[in-house]
Amino acid sequence: MTPSITSQSLRLSSSFSIAALQPHTFSKIPLPKSHLRVSRQAPLFKPISAVQSNVLLPDASKTATFQPSNAPHLTAVNTEAMEVDRATEVELKENGSRSKRRTKIVCTIGPRTCGFDELEALAVGGMNVARINMCHGTHEWNRKVIEHVRRLNEERGFAIAIMMDTQGSEIHMGDLGGATSSKAEDGEIWTFTVRSFGSNCPERTISVNYDGFAEDIKVGDELLVDGGMVRFVVTEKIGPDVICCCTDPGLLLPRANLTFWRNGSLVQEHNAMLPTISSKDWLDIDYGIAEGVDFIAVSFVKSAEVIKHLKSYIASRSPASNIAVIAKIESIDSLKNLNEIILASDGAMVARGDLGAQVPLEQVPSIQEKIVQLCRQLNKPVIVASQLLESMIEYPIPTRAEQADALMLSGESAMGQFPDKALAVLRSVSLRIEKWCREGKQHATFEPPPISSSVSAGIPGEICNGAAKIANKLKASALFVYTKTGQMASLLSRSRPDCPIFAFAPTSSVRRRLNLQWGLVPFCLNFSDDMESNLNQTFSLLKARGLIKSGDLIIVVSDMLQSIQVINVP
Ligand SMILES: Nc1ncnc2c1ncn2[C@@H]1O[C@H](COP(=O)(O)OP(=O)(O)OP(=O)(O)O)[C@@H](O)[C@H]1O
Ligand SMILES: CC(=O)C(=O)O
Ligand SMILES: [K+]
Ligand SMILES: [Mg+2]
């Protein structure tokens, strides 16, 4: 029997309207029999190099109908023609495509997880993005991490993106003379000083990086470490030394952030003097460009100008690079200019650690919700970072805030004792919350938040909303999107449909970048402009891997055609 694709499609013009979405065209595309011969011996892990050498690309000039005699090279399905990693395959097979995790996970890499085996454990556990924080570690140290991640991607088919996070030039403590941490107890007297000691740091003494520190701070001010994890009150000033009494005990970590408060308000005049991107940050940015990182996250952004400046710098230094710039929202200044900052960026991070030190803690959840909503309206991916597990345990109810694209582990994966357990907990909390959201939505009419008029999503935006709506209504197994730049995939992700979105991108760098976004299962696939042949190829490859099966209902969009297709897998 000749297998066929049953397709119902609608091509959309600029006069597109959702009401017109009645299935009305019906076409059968005969496939060559030989197309179904599947090599099941193909390894689960595949090297990237195989993509270039082993593509199953029918001639793009061919008509929609396949002529077996014209496609002699399609004699077997080579499952190596598509990059996919074992973790994704296992998740899709174990949970079923509709229950696959949609929320992405960013893991900060530190001394506990920098080895190849530890990174592999995180990759297998579902890490989508590895974050290196330039506050810590030398370029050499970070290069090793990048090399390991690259090796995992190349040898094991993962698509783990690298995010480099700048130090920024806010006030922070020194490195504790090399100690991994120090405990401050209630009532203890500690000295904060602008003197530096190298490795001969006296007991209960902390050096501070900002020369104006002892001048600016006053007796009676409150000094918060790491957004209030530890608190001190200033009791005395002696030259360069500020004597403080611990009022809220806790762990002091190297290079932790410092803020000071007077009469209940943050004292921040000194911060205004400091540049967002310091000279050290520029060196790190050059390093990140040279290493080909996927994302640069900018700490303590104050305005859109610095984001625009950095983006044009990256474009001039490395025109071919695809580095995305993420604005970290962690200061009062960034809240004042939120709309312009997010609009200028390729994504945002709600950096709750430092944010919680600059605004009253009880305001953080509502600020977070506002940022997440705004990012969805502006079609920018958004990451929620810091103190994750605590807040989710306290607020187990699904809110819009939990509709962030990605959640980020910090100390839990960088230096905690149980990085794999933390990742597993985050994974299961994400799955639980997503299920709640889907169930809660069942009886409501589905409407994604409107796209802001400042973003011109146009016809692609309407197509993606329409496709997500159809997928939900018809309870589709998956949405497929063929996208060269990733934009169509982002727009689909923005709609937060109930089924996963299989995103096919022609390059590994677009694939890695898409791995940050909610609900996207990115694949690297060398596709053509001929959608029928793309579909035949993809169905064969995914069926051979057991990721879809005959009869599954798939909704297809692409950035080459302005159409939505509704297809039963042959
Ligand atoms: N590369 C590293 N080397 C050593 N320790 C690290 C490294 N990366 C992270 N850590 C440790 O993990 C902790 C949490 O990491 P995280 O990246 O959240 O840093 P942070 O210093 O709190 O700053 P930020 O506000 O930039 O996130 C750090 O305080 C530090 O102790
Ligand atoms: C992640 C980060 O920078 C913060 O939470 O402050
Ligand atoms: K940082
Ligand atoms: Mg921070």
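Shown above is the structure to which this text applies.
Residues numbered from 1 in each chain as written. Chains lettered and ligands numbered in written order. Predicted model: local features only at pLDDT ≥ 70, side-chain atom pairs only at ≥ 80, totals over all residues. Heavy atoms only, no water.

### A closer look at the site of ligand 1
- Within the structure, ligand 1 sits among 17 residues, and Arg131, Asn133, His136, Asp354 and Ser410 are positioned closest to it.
- Here His136 contributes a side-chain N or O atom positioned 3.1 Å from an oxygen atom of ligand 1.
- Between ligand 1 and Ser410 there is a distance of 3.4 Å, counted from an oxygen atom to a side-chain nitrogen or oxygen.
- Look at ligand 1: alone it shows 590 Å² of surface, and the protein chains cover 85% of it.
- Of all the cavities here, the one that holds ligand 1 is the largest pocket.
- Only strand S4 (129-133) and helix H14 (411-414) provide two or more residues apiece to the shell around ligand 1.
- Partitioned by chemical class, the residues of the shell around ligand 1 number seven nonpolar, six polar and four charged. (Near = heavy atom within 4 Å. Polar contact = N/O pair within 3.5 Å; in protein donor to acceptor, adjacent residues only side chain to side chain. Areas by Shrake-Rupley, 256 points an atom, 1.4 Å probe, with all protein chains shown as cover. 1 Å grid on protein atoms, 1.4 Å probe; cavity = no way out; pocket = protein on both sides within 12 Å on 5 of 7 lines; lining within 4 Å. Sits in = over half its atoms within 2 Å of the grid points. Helix = DSSP H or I, 4+ residues; strand = E, 2+ residues; numbered from the N terminus. Nonpolar A, V, L, I, M, F, W, Y, C, P; charged D, E, K, R; others polar.)

### Some points on the layout of surface pockets
- In this structure, the largest pocket encloses a volume near 1,400 Å³.
- Residue lining of the largest pocket: 48 residues in total, with His136, Asp226, Leu253, Ser410 and Gly411 positioned closest to the centre.
- Elements that contribute at least two residues to the lining of the largest pocket include exactly S4, helix H4 (139-156), strand S17 (347-351), helix H11 (352-358) and H14.
- In terms of residue class, the lining of the largest pocket is built from 17 nonpolar, 19 polar and twelve charged. (Points joined across faces, edges and corners; volume = space filled by probe spheres on them.)

### Remarks on the pairing of S17
- Counting buried residues in S17 gives five out of five residues, a clear majority hidden from the surface.
- Alternating residues of S17 divide into Gly347, Met349 and Ala351 and Ala348 and Val350, and every residue in both groups is buried.
- As paired elements, strand S16 (residues 324-329) and S17 share four bridges and run parallel to each other. Along S17, the bridge assignment pairs Ile326 with Gly347.
- Bridge analysis of S17 against strand S18 (residues 382-385) gives four bridges, and the strand direction is parallel. Paired with Met349 across the bridge in S18 is Ile383. (Buried < 20%, exposed > 50% of the residue type's maximum accessible area, 1.4 Å probe, protein only. Pairing = 2+ DSSP bridges.)

### Remarks on the coordination of the potassium ion (ligand 3)
- Summarising the metal site, the potassium ion (ligand 3) is bound by the protein donors Asn133 (OD1), Asp165 (OD) and Thr166 (O), whose distances to it range over 2.7 to 3.0 Å.
- The sequence pattern formed by the donor residues of the potassium ion (ligand 3) is N-x31-D-T.
- Separating the potassium ion (ligand 3) from the magnesium ion (ligand 4) is a gap of 5.3 Å.
- Relative accessible area serves as the criterion here: at 0%, Asp165 is assigned to the buried category. (Donors = N, O, S within 2.8 Å, 3.2 Å for Na, K, Ca; no water.)

### Observations concerning the site of ligand 2
- For ligand 2, the full set of nearby residues is Arg131, Lys328, Glu330, Ala351, Arg352, Gly353, Asp354, Ser386 and Met408.
- A distance of 2.8 Å separates an oxygen atom of ligand 2 from a polar atom in the side chain of Lys328.
- Burial of ligand 2 by the protein chains amounts to 90% of its free accessible area of 210 Å².
- When residues in the shell around ligand 2 are grouped by element, the largest group, three residues, is from H11.
- Per-class residue counts for the shell around ligand 2 are two nonpolar, two polar and five charged.

### Some points on the sheet that holds strand S7 (residues 189-193)
- Sheet architecture is open: seven strands sit in the order S8-S7-S11-S10-S9-S13-S14, paired in mixed fashion. Across the chains shown, the open sheet's two edge strands, defined by having one partner strand only, are strand S8 (205-207) and strand S14 (265-267). Between one strand axis and the next, the sheet turns by 35° as a mean value, whatever way the strands run.
- Sheet topology note: the S7/S8 ladder contains three bridges and is parallel. Among the inter-strand pairings, Phe192 is bridged to a residue of S8, identified as Ile206. (Axes fitted to C-alpha atoms, helices over the stretch in contact; angles between N-to-C directions.)

### Points about the side chain of Asp281
- As for its placement among the helices and strands, Asp281 is situated in helix H7 (residues 279-291).
- In this structure Asp281 is buried but unpaired, with Lys280 as the nearest side chain of opposite charge at 5.3 Å.
- Among the polar contacts listed, one links the side chain of Asp281 to the backbone nitrogen of Gln167, at a separation of 3.3 Å.
- When residues no more than four places from it in sequence are discounted, the contact partners of Asp281 are Thr166, Gln167, Gly168, Ser169 and Thr276. (Lys, Arg positive; Asp, Glu negative; His and termini not counted. Salt bridge = Lys/Arg side-chain N within 4 Å of Asp/Glu carboxyl O. Contact = heavy atoms within 4.5 Å.)

Keep in mind that these numbers describe shape and distance, not what the molecule does.
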